[in-house]
Amino acid sequence: MTLIMGIVNVTPDSFSDGGRYLDADAAIAHGLALRAAGADLLDVGGESTRPGAERVDPATEQARVLSVVAALAAAGAVVSIDTMNAATARAAVDAGARIVNDVSGGLADADMLPVVAASGADVVLQHWRGHSADMYADADYGDVARDLTVELGDRIREAAAAGISPDRVILDPGIGFGKRGPQNWQALRGLDRIVALGPRVLVGTSRKRFLAEALDSDPAAVTRERRDLATAVTSVLAAQAGAWAVRVHDVAATRDALRIARAWREGGE
């Protein structure tokens, strides 16, 4: 059964809900609401990785997220920390996080993989080709699915060299990261090749621009509700391709879509 990872952005500038949960109490309440709606995992982040976003120093990032991580973990949630900083990853695991979600796949901070290895936490290694400020500079692929498979295979090997076994690794194709509209669809169509690498696979399409581009010639006209519906559809398709989990803003919509897909598959049993 595919798990649902709910997004808790403790940031002022995330592309979809930046600022809504910057206050720690608001972020904690939001995380608990996502869990009540059916989230199996909660991904807490204090640095926006939207296109064009500037970096946040680790001290600011930690001030935003650590109390949120601690409170959600104390409430019994399985918490993931969304960070590219090894120091934040270490502090978040100490506060109760059980997964480190590094959108750079360990490439942004040379200390990340050794820190995760020592922590005992699982790690999400996302496909990545550069920071948000200029993430499309290297969006040049031969065969998108093949290139992603090769580069994610490299991350598995780097993690193993640092002492992280493949059973602790989760792969993420990095939808929207260093990929222009059609390249995201090509990555998703090749998801089975990433699944075949062996580790669990996490897919995050939630509310991203490429969905809006598929729905309307004017992506800005596509409402959040329509993006959430499109997210739920892609989440079902990702599940059918073997995804271990999907990362979403609207947990309820994706929960319902996955349940309907399961009823279709199992005949309502």
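Residues numbered from 1 in each chain as written. Predicted model: local features only at pLDDT ≥ 70, side-chain atom pairs only at ≥ 80, totals over all residues. Heavy atoms only, no water.

Chemist: Got a minute to help me understand the pattern of salt bridges in this structure?
Modeler: Pairs can form between side chains of opposite charge once their charged atoms are near each other. In the structure shown here, the tally under the stated rule is eleven salt bridges. The shortest N-O distance in the salt bridge between R247 and D82 comes to 3.2 Å. With R247 in strand β8 (residues 245-248) and D82 in strand β3 (residues 79-82), this pair connects stretches of sequence that are 165 residues apart. Residue R247 is classed as buried on the basis of its relative accessible area, which comes to 17%. Notably, a salt bridge pairs R265 with E266, separated by 3.7 Å at the nearest N-O pair. (Salt bridge = Lys/Arg side-chain N within 4 Å of Asp/Glu carboxyl O. Helix = DSSP H or I, 4+ residues; strand = E, 2+ residues; numbered from the N terminus. Buried < 20%, exposed > 50% of the residue type's maximum accessible area, 1.4 Å probe, protein only.)

Chemist: Explain the side chain of R227 here, please?
Modeler: Mapped onto the secondary structure, R227 falls in helix α9 (residues 224-240). Within the buried set, R227 has no salt-bridge partner at all; the shortest N-O distance to an opposite charge, 8.2 Å, is to E213. (Lys, Arg positive; Asp, Glu negative; His and termini not counted.)

Chemist: What should I look at first to understand the packing of helix α5 (residues 144-162) against helix α6 (residues 181-189) in this one?
Modeler: If you want to describe how two helices pack, look at the angle between their axes and the distance between the axes. In the contact formed by α5 and α6, the axes pass within 8 Å of each other and the chain directions differ by 65°. The pairing of α5 with α6 is recorded here as roughly perpendicular in orientation. Here the hand of the crossing between α5 and α6 comes out right-handed. From α5, V144, A145 and L148 reach across to α6, where they touch Q183, Q186 and A187. Grouping the constituent residues of the contact of α5 with α6 by class yields four nonpolar, two polar and no charged. (Axes fitted to C-alpha atoms, helices over the stretch in contact; angles between N-to-C directions. Parallel < 35°, antiparallel > 145°, perpendicular 65-115°, else oblique. Left-handed = near helix turned anticlockwise from the far one by under 90°. Contact = heavy atoms within 4.5 Å. Nonpolar A, V, L, I, M, F, W, Y, C, P; charged D, E, K, R; others polar.)

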